[in-house]
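Chain by chain, the residues:
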Amino acid sequence: MPRYYEEKEEDGHACAGVKEDLRQCLLESACVLQENKSPRQCLKEGHCRSLQMTFFACKRSMLDTRARFRGRKGY
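Residues numbered from 1 in each chain as written. Predicted model: local features only at pLDDT ≥ 70, side-chain atom pairs only at ≥ 80, totals over all residues. Heavy atoms only, no water.

As recorded by an unreviewed UniProt entry, the protein chain carries the name Cytochrome c oxidase assembly factor 5 and is attributed to Nothocercus julius. Its UniProt record, at the heading Function (unreviewed entry), says of the protein chain: "Involved in an early step of the mitochondrial complex IV assembly process." (UniProt positions renumbered as here; feature names shortened; annotations may be inferred.)

This is how it looks when you write it as structure tokens:
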């Protein structure tokens, strides 16, 4: 479910696309909108778990020396 924006300027940071999608997922979740909880609380409860794991894998691949050959995980 990645979201690509054509008119949005390119962010040069690593894992920026995954981070933006995780942020949007949390802000649009029922936990934040209906229960009025903070995104941090919803993340701890397990909302948007797949994007959280993808973001973790992307950040982890930045420290992996094999990433020079394989490329970063995520998108």
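Chemist: Honestly, the state of the cysteines in this entry has me stumped. Any pointers?
Modeler: Simply put, disulfide is the name for a covalent bond between the sulfur atoms of two cysteines. Enumeration over the complete set of coordinates arrives at 3 disulfides. Here C15 pairs with C58 through a disulfide, and the sulfurs are 1.9 Å apart. Disulfide C15 to C58: torsion about the S-S bond roughly -95 degrees, handedness left-handed. With C15 in the segment before α1 (16-27) and C58 in helix α4 (residues 49-63), the pair connects residues that are 43 residues apart, well separated along the chain. On the basis of relative accessible area, C15 is assigned to the buried category, the value being 5%. Here C31 connects covalently by a disulfide to C42, the sulfurs 2.0 Å from one another. Because the torsion about its S-S bond is -90 degrees, the bridge between C31 and C42 counts as left-handed. Linking C31 in helix α2 (residues 30-33) with C42 in helix α3 (residues 39-45), this pair joins segments that are 11 residues apart in sequence. Given the relative accessible area of 1%, C31 is considered buried. (Disulfide = S-S within 2.5 Å. Helix = DSSP H or I, 4+ residues; strand = E, 2+ residues; numbered from the N terminus. Buried < 20%, exposed > 50% of the residue type's maximum accessible area, 1.4 Å probe, protein only.)

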